[in-house]
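Okay, here's what each chain looks like letter by letter:
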Amino acid sequence: MHPYAEAAISAGFAILVYINTLEAGFVYDDNRAIVTNLDVHSITPIVSLLHNDYWGTPMTHSGSHKSFRPVTTLTFRMNFAISGLKPWSYHMFNVILHAIATWLFVTFIKQRIFCGHKKNFELSLGAGIYFAIHPIHTEAVAGIVGRADILSALFVFATLLCYGYHCDNLDSQHITLNKPDANTSSISLNDSPVRRNDCRDRRNKRKAQKTNLSPRAQKRQASSDGFWKSDCVPNNYNPEPGGGLSSVSKGCAMEGMTIIFGLLASFSKETGFAALPLCIAYDIWWRSNLGIISIFKVLFTKGNFHHRCLRNRIWRLVASTFIIISLRVLPWVLYSQGSATPSFSSSDNPASASESLLTRCLTFHYLIFCNVMLVLFPATLSYDWGGISLIESITDSRNLYTAIFYVLLAVLLYSLWVKLRYRDSILETSTQTMSRERNYHLCRKQNSPQKNITNANINMMTSPNNLKSLLRTDFQADEGVCFHTVEKFLPRDLDNEIHSSDVTLQRLMLEHVQGDAKTNYEKAESTQSSGYATESSEEAYDDDVPASFSYATSRQRPFPVNRRKQNTTFSPNAVNVAIMGFAFAVIPFLPVTNLFFYVGFIIAERILYLPSAGFCILVIYGWQFCVDHLSNKRWKRQFPSISRVSFWLQIIALMLLAIRTTHRNLDWQDQYHLYRSGISTSPAKSWSNLGNVMKESGRIKDAEGCYLNALAARGNMADVHYNLGLLYQEQNRYHEALNRYRLAIRFRKTLAVAYLNSGIVLSELGKVKEAEQMYRLTITIDDIGLRDPASHSKAKISALYNLGRLLSSQRRHNEAIRAFEDAVERLTPDYEPHSLYNMLGQCLHKVGRMPEAEKWFKLSLRSKSDHVPAHLTYALLLRDEDRTLEAKRLYETAIALDPRGHLAFNHYAKLLIREENFAHAARIIEMALVTTSGTSDYDTVMLAGDIFRLLQDDSKAEKYYRTATQILPLVEAGHINLGAVLHLRGKYAEARTCYQKALSLNPGSETAMRNLQRVQNLMD
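None of these values were measured; they are calculated from a predicted model.

Enquirer: Which residues make up the overall build of the chain, and what values do they have?
Expert: When its secondary structure is counted, the chain shows 46 helices and 0 strands. Residues classed as buried in the chain amount to 53% of the 1020 residues present. Residue pairs in contact within the chain that sit at least 24 positions apart in sequence constitute 70% of those at least 6 positions apart. As presented, the chain carries roughly 46,400 Å² of accessible surface, and 58% of it is formed by carbon and sulfur atoms.

Enquirer: An account of the packing of aromatic side chains is needed here, citing residue identities and associated values.
Expert: Under the criterion given, the structure shown has 30 aromatic pairs. Seen in terms of ring centroids, Y28 and Y383 are 4.8 Å apart; in terms of plane orientation they differ by 80°. Their pairing is edge-to-face. Here Y28 is found in the loop between α1 (5-17) and α2 (30-35), whereas its partner Y383 is found in the loop between α15 (357-376) and α16 (398-442), with 355 residues between them in sequence. Judged by relative accessible area, which is 16%, Y28 ranks as buried.

Enquirer: Describe in detail a nonpolar patch on the surface, supporting the description with residues and values.
Expert: Taken together, W623, V645, L649, I652, L656 and I659 make up a surface patch of nonpolar side chains, about 560 Å² in accessible area. Assignment of secondary structure puts W623 in helix α24 (residues 611-630). W623 sits in the partly exposed class, given a relative accessible area of 35%.

Enquirer: Kindly report on helix α32 (residues 752-764), identifying the contributing residues and their values.
Expert: Across its 13 residues, α32 extends 19 Å between first and last C-alpha, which sits within 8% of the 18 Å expected from 1.5 Å per residue. For α32, every residue scored as buried is listed here: A752, A754, Y755, L756, N757, S758, G759, V761 and L762. At its buried positions, α32 is contacted by α30 (718-730), α31 (734-747), α33 (768-779) and α34 (789-809). Count one or two residues on from α32 and you reach G766, which has phi positive near 85°.

Enquirer: Break down the pattern of salt bridges for me, citing the residues and quoting the values.
Expert: Going through the model one piece at a time under the given rule, you end up with 38 salt bridges. The salt bridge partner of E772 is R776, with a shortest N-O separation of 3.2 Å. With E772 and R776 both in helix α33 and 4 residues apart, this pair spans about one turn of that helix. On the accessibility criterion, E772 (13% relative accessible area) is buried. Of the residues examined, R776 reaches a relative accessible area of 38% and is grouped as partly exposed. Notably, a salt bridge pairs E886 with R883, separated by 3.1 Å at the nearest N-O pair. Residue E886 is classed as partly exposed on the basis of its relative accessible area of 31%. Within this structure, R112, D168, D283, R287 and R313 form a network of salt bridges that share partners.

Enquirer: Which residues make up the packing of helix α23 (residues 574-586) against α24, and what are the values?
Expert: Each packed pair of helices is defined by two parameters, the angle between the axes and the distance between the axes. The geometry of α23 relative to α24 is characterised by a closest axis approach of 6 Å and an angle of 155° between their N-to-C directions. In terms of their interaxial angle, α23 and α24 are classed as roughly antiparallel. The two elements α23 and α24 meet at a crossing, and its hand is left-handed. Facing A574, V577, A578, G581, F582, F584 and A585 of α23, the residues of α24 in contact are P611, A613, G614, F615, I617, L618, Y621 and F625. Its residues assigned to classes, the contact of α23 with α24 comprises 13 nonpolar, 2 polar and no charged.

Enquirer: Mind laying out the nonpolar core, listing which residues take part and the relevant values?
Expert: With 116 residues, the main nonpolar core has F820 and I925 as its most contacted residues. Residue contributions to this core peak at 8 residues, all from α34. Ignoring any residue separated from it by four or fewer positions in sequence, one finds F820 in contact with L800, Y801, G804, R805, L836, M839, L840 and C843. Core analysis: the next-biggest nonpolar cluster, separate from the first, contains 78 residues, V95, L104, I113 and L290 among them.

Enquirer: How would you explain the environment of L978 if you had to name every residue and give the values?
Expert: Of note, L978 is situated in helix α44 (residues 972-984). In this structure L978 comes out as buried when scored by relative accessible area, which is 3%. Sequence separation of L978 and A991 is 13 residues, and the distance between their C-alpha atoms is 7.3 Å.

Enquirer: An account of unusual backbone geometry is requested, with residue identities and associated values reported.
Expert: One non-glycine residue, E916, adopts positive backbone phi at about 60°. For E916, the position within the fold is in the loop between α40 (903-914) and α41 (918-930). Residues other than glycine seldom take positive phi values, yet Q952 does so here, at roughly 60°. By secondary structure assignment, the location of Q952 is in the loop between α42 (938-950) and α43 (954-967). Residue Q952 is classed as exposed on the basis of its relative accessible area, which comes to 69%.

Enquirer: So what's going on with the environment of H834? Which residues, and what values?
Expert: Mapped onto the elements, H834 comes out in helix α36 (residues 834-846). The buried category is assigned to H834, whose relative accessible area is 10%. Taking the C-alpha atoms as reference, H834 lies 9.6 Å from K858; in sequence the two are 24 residues apart. Discounting chain neighbours no more than four positions away, the residues touching H834 are S860, S863, K864 and H867.

Enquirer: Go over the side chain of E139, please, and point to the residues and values.
Expert: By secondary structure assignment, the location of E139 is in helix α6 (residues 138-142). Side-chain polar atoms of E139 contact the backbone nitrogen of E605, separated by 3.5 Å. When neighbours within four sequence positions are excluded, E139 is seen to be in contact with G146, S382, Y383, E605, R606 and W668.

Enquirer: Describe in detail α41, supporting the description with residues and values.
Expert: With 13 residues, α41 should cover 18 Å at 1.5 Å per step; its first-to-last C-alpha distance of 18 Å lies within 8% of that length. When α41 is considered as a whole, its buried residues turn out to be A921, A922, I924, I925, A928 and L929. As for α41, its buried residues are in contact with α40, α42 and α43.

Enquirer: Got a sec to walk through the packing of α1 against helix α4 (residues 88-113)? Specific residues and values, please.
Expert: One can describe the packing of α1 onto α4 by two numbers: an axis separation of 8 Å at closest approach and a directional angle of 150°. Judged by the inter-axis angle, α1 sits roughly antiparallel to α4. Relative to α4, the crossing made by α1 is right-handed. Contacts from E6, A7, A8, S10, A11, A14 and I15 in α1 reach V95, H98, A99, T102, W103, V106, T107 and K110 in α4.

Enquirer: Any chance you could break down the environment of L806 for me, citing the residues and the numbers?
Expert: Tracing the chain through its elements places L806 in helix α34. For the pair formed by L806 and K769, sequence separation is 37 residues and the distance between their alpha carbons is 9.7 Å. Leaving out residues up to four positions away in the same chain, L806 has contacts with S763, V768, A771, E772 and Y775.

Enquirer: Go over the side chain of T661 with me, naming the residues and quoting the values.
Expert: Its place among the elements puts T661 in helix α26 (residues 642-667). Within the structure, the side chain of T661 is placed 2.4 Å from the backbone oxygen of I133, a separation counted as a polar contact. Beyond its immediate sequence surroundings of up to four residues, T661 is in contact with V17, Y18, I133, H134, P135 and T138.

Enquirer: Explain the confidence of the model for the chain to me, and be specific about the residues and the numbers.
Expert: Summing up the model confidence of the chain, the mean pLDDT is 77 and the portion of residues at 70 or higher is 74%. Below pLDDT 50 for its whole length, residues 219-245 participates in 54 contacts with residues either more than four positions away or in separate chains. In the model, residues 438-572 has pLDDT below 50 throughout and makes 312 contacts with residues more than four positions away in sequence or in other chains.

Quick notes on the rules
Residues numbered from 1 in each chain as written. Predicted model: local features only at pLDDT ≥ 70, side-chain atom pairs only at ≥ 80, totals over all residues. Heavy atoms only, no water. Helix = DSSP H or I, 4+ residues; strand = E, 2+ residues; numbered from the N terminus. Buried < 20%, exposed > 50% of the residue type's maximum accessible area, 1.4 Å probe, protein only. Contact = heavy atoms within 4.5 Å. Areas by Shrake-Rupley, 256 points an atom, 1.4 Å probe, with all protein chains shown as cover. Phe/Tyr/Trp six-rings, centres within 6.5 Å; stacked < 30°, edge-to-face > 60°. Patch = residues over 30% accessible without salt bridge, like charges linked within 9 Å, V, L, I, M, F, W, Y side chains within 5 Å. Salt bridge = Lys/Arg side-chain N within 4 Å of Asp/Glu carboxyl O. Expected span 1.5 Å × (residues − 1). Axes fitted to C-alpha atoms, helices over the stretch in contact; angles between N-to-C directions. Parallel < 35°, antiparallel > 145°, perpendicular 65-115°, else oblique. Left-handed = near helix turned anticlockwise from the far one by under 90°. Nonpolar A, V, L, I, M, F, W, Y, C, P; charged D, E, K, R; others polar. Core = buried A, V, L, I, M, F, W, Y, C linked by side-chain atoms within 4.5 Å. Polar contact = N/O pair within 3.5 Å; in protein donor to acceptor, adjacent residues only side chain to side chain. pLDDT = per-residue confidence, 0-100.

This is the structure we're talking about:
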């Protein structure tokens, strides 16, 4: 079987189950993080990734999410360069990253967690497929925003792999440097990587040398005496080809890669902080088999060579973790200007806004239980879990689930505690025994190839008090006794008494210890353990017996370890697997539990991407652990086919998970299906979002029903009131819209768009003064603490724009110019300024500031070359300056840009009338009347009547004037002009009727009164 077969198969499953997401679009948070994020669109310089958060909000803003993830945003920027805003490349990248993360995860658990287990292949493949197809990953993979979680987990797995290879290189270095010469027929008993006395002598010698050096030389000397030289390079170091020099270089390189990948993980998402702490957990409990107290002894007390190596590695990781956290928090400190932690809406995390400590505690602990159940039983999934109500009473039935969960967790943790404390007890016993008996009984002659150990010594070592502690150490690495050979003669439970009268055990130990060292070395090379080399000897673990601490008294084996082949006769320790599984599940999840600080959600499925790796390890190994125990001789008669049943149950379970994942992917195809799927778990938010989707698709009635359903679920949602008001405004239901806007303002005082649209509605209702006041109030609203300050800024610019238009319509042009100039000063990169520039140019034109007006017209056309109103207003300026040819070109361009619109034709016809080119003007106006909008436009029809009257074509003039009176029957101008044409054509009775109608509409019209008098005189 290929060494990477499990990883390849698991990665293939990862691609297979998520292949149907490639046709999905941008949904939910994708719109804010990608579609409207200028950092993704390459509009802003790449340096802005270091200044803005994940959503494109400046870190300096008080409403910033403070989610600094430049690595993830950079990948979005790469996708934008490939496909723009077409989502296929974004989804393809997510699927590929998920497959790579699965590959790295399987590689890590195969080489590290399950290494040496007789069913390594089955365990690694099962956990890998479980991780690849788990439905909880759907939000992270199918939702493009979830890429942050995938990248973070990917770099965490890479960090762990590099750290494992770094430790392997340390083992290779220590072993290779002490490998005996090929011509040597024996091995010294006390050959070890470092002799403590020699280390002390070298340190003293360096101190003596430094006293004769200058301060600069002493500093340089101190910097050169680093970890490798002072603590880990033995006194018999020989930098020959094939020696330890390359291992040192590889070790340094792998350690550097560990730090780099840890940094990339934290810059991908905040959960990447777990990378180096997981390395610490791996080194302390998995590689070193430490207990509880022994951790502090190793880290804070002087020890042997291996203690120092481990201590230095751990403290370097701790220091690197703090450095990475500092680098991660540095942009926040620099740009936040001392602002507090990011504030979140109470609707996002209702429990955090509760004033009751009891409510917060009960709810947050219940949410932890909910997260665990989502990973173990992902039957119900949702993009949002805002529908979970608060637990406000101790009598709430949900507290029972929380209590059961914590009881089970306490039992598991207590079991682990007992096992780890047992390691500590073994450490103390073995340390005392070895320190008292080692030199006298086992090392009488250092350089003798024979080991002078007598039967009396063996009797002493195999006493009940000493043998248990002695055999569970790395005694064989230092003294030549092969524990793996001895162990098969021992009882399975080491807690049983080992009798000193066991002749077989005594004979075995005596023969092995007094055997030829060269023969032992050759045997060791043919039976060496595999997978990866550890600084402690690779012990044969039983699943139910914890291995002892191996650094306390161990020395490196005097022969190299082959890291390729695996010895399948040894099993990994169940305690170590449980610890690593818990570490993966707990360490990345702790920051989002709301127990230490509040976050902007209560449950988010994509947050569980990395913690689910720990559950995959625990579930698969726990299942195999149970099956193995049911398969032994004691239970085999009652369950003869347990292995076969277990196999098919696992196949069925994985198939069900794959089907669930594939089906869940369909919900993420578009926003409609996604929001429909979340109605049961978050009704208010889902109905609101569904209403937006209905509105965009033109289903106005359905959108209104969705908004009302959302308000029925939660009536204080300001966004829903605003959206419903906008829906009413578009239907010209202004009074209903105004009421909704007022409710939106009531529930959120800083909702600037509600103020803005209230002003627009008031303006439409003719309440000009109230509209002006509302616009001015919008400008004064502060954006402190807002999550989307960009939209708030755009609303204030729009308020200034509408205020300027309102003032201009009242002929208050100078005030309008000030409003427009204020809007220009507030412009943001994502605001389209062409209309603002055009209106500013119009006002400047009306006050006679022609050069400035022309400048703003040109800027308007430069920002949007197909902006037809700018062409028309600029042409008016050119017409007033008698630059007729330029004006004609602009009109012709406007007609070409908008051939179905009537405005360009109207303005062009007026220019031709001014040149007295009535025939050409008639052709142009007839083209305008053919357009859809022109046939019903009062000004266009009136202009057509005027042109044909100038051409003395009274019949067509009568036709168009009569049409104008039908379009706007309450405007007296149409009736007056129609009466004049009828008057000229001799239709005096009809002309008199038209004049009388005009006077009824405007009794003070002198033109109508004069023409009526003339017609009356003619009729008399």
